[in-house]
Amino acid sequence: MSNITLVCGGSGVGKTTFAAALAARLAHEKVHTLLISPDAFVPSFGLWVHAPAKKTVSLGSILERELTAESVAAGVYLPQENRQSLGLLGYLPGEASDKYTPPGMEQAERLLRIAATLAHQVVVDGAGYGDALKRAAAKLAGIRFALVESGPRGLLWQKSCPPEKGETLWIACPRAADDPVEETANRLHGSFFSTLPQSAEAHTKLIESHLFAPYADKAYRQTVEKAANAMMQEAS
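**Quick notes on the overall build of the protein chain**
Within the protein chain one finds 10 helices and 7 strands. Of all 236 residues assigned to the protein chain, the portion counted as buried reaches 53%. Long-range pairs, those at least 24 residues apart, make up 74% of the contacts in the protein chain between residues at least 6 apart in sequence.

**Quick look at helix α6 (residues 132-140)**
Regarding α6, the residues found buried are A132, L133, K134, A136, A137 and L140. Where the residues of α6 are buried, they touch β1 (4-9), α3 (59-64), α5 (105-118) and β4 (121-125). The distance from a side-chain oxygen at the start of α6 to the backbone nitrogen of L133 is 2.7 Å, and the residue carrying that oxygen is D131.

**So, the packing of aromatic side chains**
Applying the stated criterion to the full structure yields 2 aromatic pairs. Between Y91 and Y100 the ring centres are 6.2 Å apart and the planes differ by 45 degrees, which places this aromatic pair in the tilted class. Assigned by exposure class, Y91 and Y100 land together as buried.

**Thoughts on the pairing of strand β2 (residues 33-37)**
A large share of β2 lies buried, amounting to 5 of its 5 residues. Taking every second residue as pointing to the same face, both faces of β2 are buried, with T33, L35 and S37 on one and L34 and I36 on the other. Of the strand pairs in this sheet, β2 and strand β3 (residues 86-90) are connected by 5 bridges, and their pairing is parallel. When the bridges of β3 are listed, L35 appears paired with L88. Relative to β4, β2 runs parallel, the two sharing 4 bridges. From the neighbouring strand, T33 faces β4, where its bridge partner is Q121.

**Notes on the pattern of salt bridges**
Under the criterion given, the structure shown has 5 salt bridges. Residues E95 and K99 are paired through a salt bridge, measuring 3.8 Å at the closest nitrogen-oxygen approach. Here R113 makes a salt bridge to E109, at a shortest N to O gap of 3.8 Å. Taken together, the residues R113 and E109, both in helix α5 and 4 residues apart, mark about one turn of the helix. In this structure, a network of salt bridges that share partners links the residues R25, E29 and E225.

**Let's talk about the environment of N229**
Tracing the sequence through the fold places N229 in helix α10 (residues 218-235). The sequence separation of N229 and R25 amounts to 204 residues, and the corresponding C-alpha distance is 9.8 Å.

**What to know about α5**
An α-helical turn contains 3.6 residues, so any two residues separated by three or four positions project in the same direction. Here α5 spans 20 Å end to end across 14 residues, near enough to the 20 Å set by a 1.5 Å rise per residue. Considered for burial, the residues of α5 that qualify are A108, E109, L111, L112, I114, A115 and A116. In this fold, the buried residues of α5 make contact with β1, β2, α3, α4 (69-75), β4 and α6.

**Details of unusual backbone geometry**
We note that K30 has phi near 65 degrees; this positive angle belongs to a residue other than glycine. Here K30 shows up in the loop between α1 (15-28) and β2. K30 sits in the exposed class, given a relative accessible area of 67%.

**Remarks on the pairing of β4**
Strand residues, when the strand is regular, have side chains that alternate between the two faces of the sheet. Counting buried residues along β4, 5 of its 5 residues qualify, which places the element largely inside the surrounding structure. Side chains Q121, V123 and D125 of β4 all project onto a buried face; the interleaved residues V122 and V124 project onto the opposite face, where all are buried too. As judged from the 4 bridges shared by β1 and β4, these two strands associate in the parallel manner. Across the sheet, the residue bridging to I4 is V122, located in β4.

What counts as what
Residues numbered from 1 in each chain as written. Predicted model: local features only at pLDDT ≥ 70, side-chain atom pairs only at ≥ 80, totals over all residues. Heavy atoms only, no water. Helix = DSSP H or I, 4+ residues; strand = E, 2+ residues; numbered from the N terminus. Buried < 20%, exposed > 50% of the residue type's maximum accessible area, 1.4 Å probe, protein only. Contact = heavy atoms within 4.5 Å. Polar contact = N/O pair within 3.5 Å; in protein donor to acceptor, adjacent residues only side chain to side chain. Phe/Tyr/Trp six-rings, centres within 6.5 Å; stacked < 30°, edge-to-face > 60°. Pairing = 2+ DSSP bridges. Salt bridge = Lys/Arg side-chain N within 4 Å of Asp/Glu carboxyl O. Expected span 1.5 Å × (residues − 1).

So this is what it looks like as structure tokens:
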């Protein structure tokens, strides 16, 4: 489905950060966007929203009900500052990872197909391990952004997970600003590259903004903008 985008990649490359920054960028462009995190082990909701509303519904609870457009829409959280254009759906901080029965592929696909009717763009954070929702997103996504480190580990990961049917765009995300970003990016599929701030700075920005936003680093902002433009062009 062309309006579903999956952000995937190896461990610790910044999938959650990029997915949230991408959704925030689309919302800034007035594109109605739904950001979904299927990770029940390390829920991202507490990072996206500093203090989730008490009435926020967990993705786990939604999946336990009959999946209809009404039930899914009722569980979408709308941050006050982006109420008109950005919705969030995920597991809640503090929930035990085994609190809910993991969804099967049929159920996961149905949720994503419904989500695709509720927003112009659906961004799925590919964090987590083997969840059916992530696998369903990989199956249904019109675009997949694969994040990799700019060093040897990233190149090995990219080689072991080659792109399928040209749907995957590779983005090199180095861990430090002095990594050979451009040189490595030129060896990857695609021309995207970025630099990430240090984790302490990232954490501070999350707390201050209450919601992920594109980082101040120019190269990172440009990468997010290019990704958002690619999604909008695909949709048109």
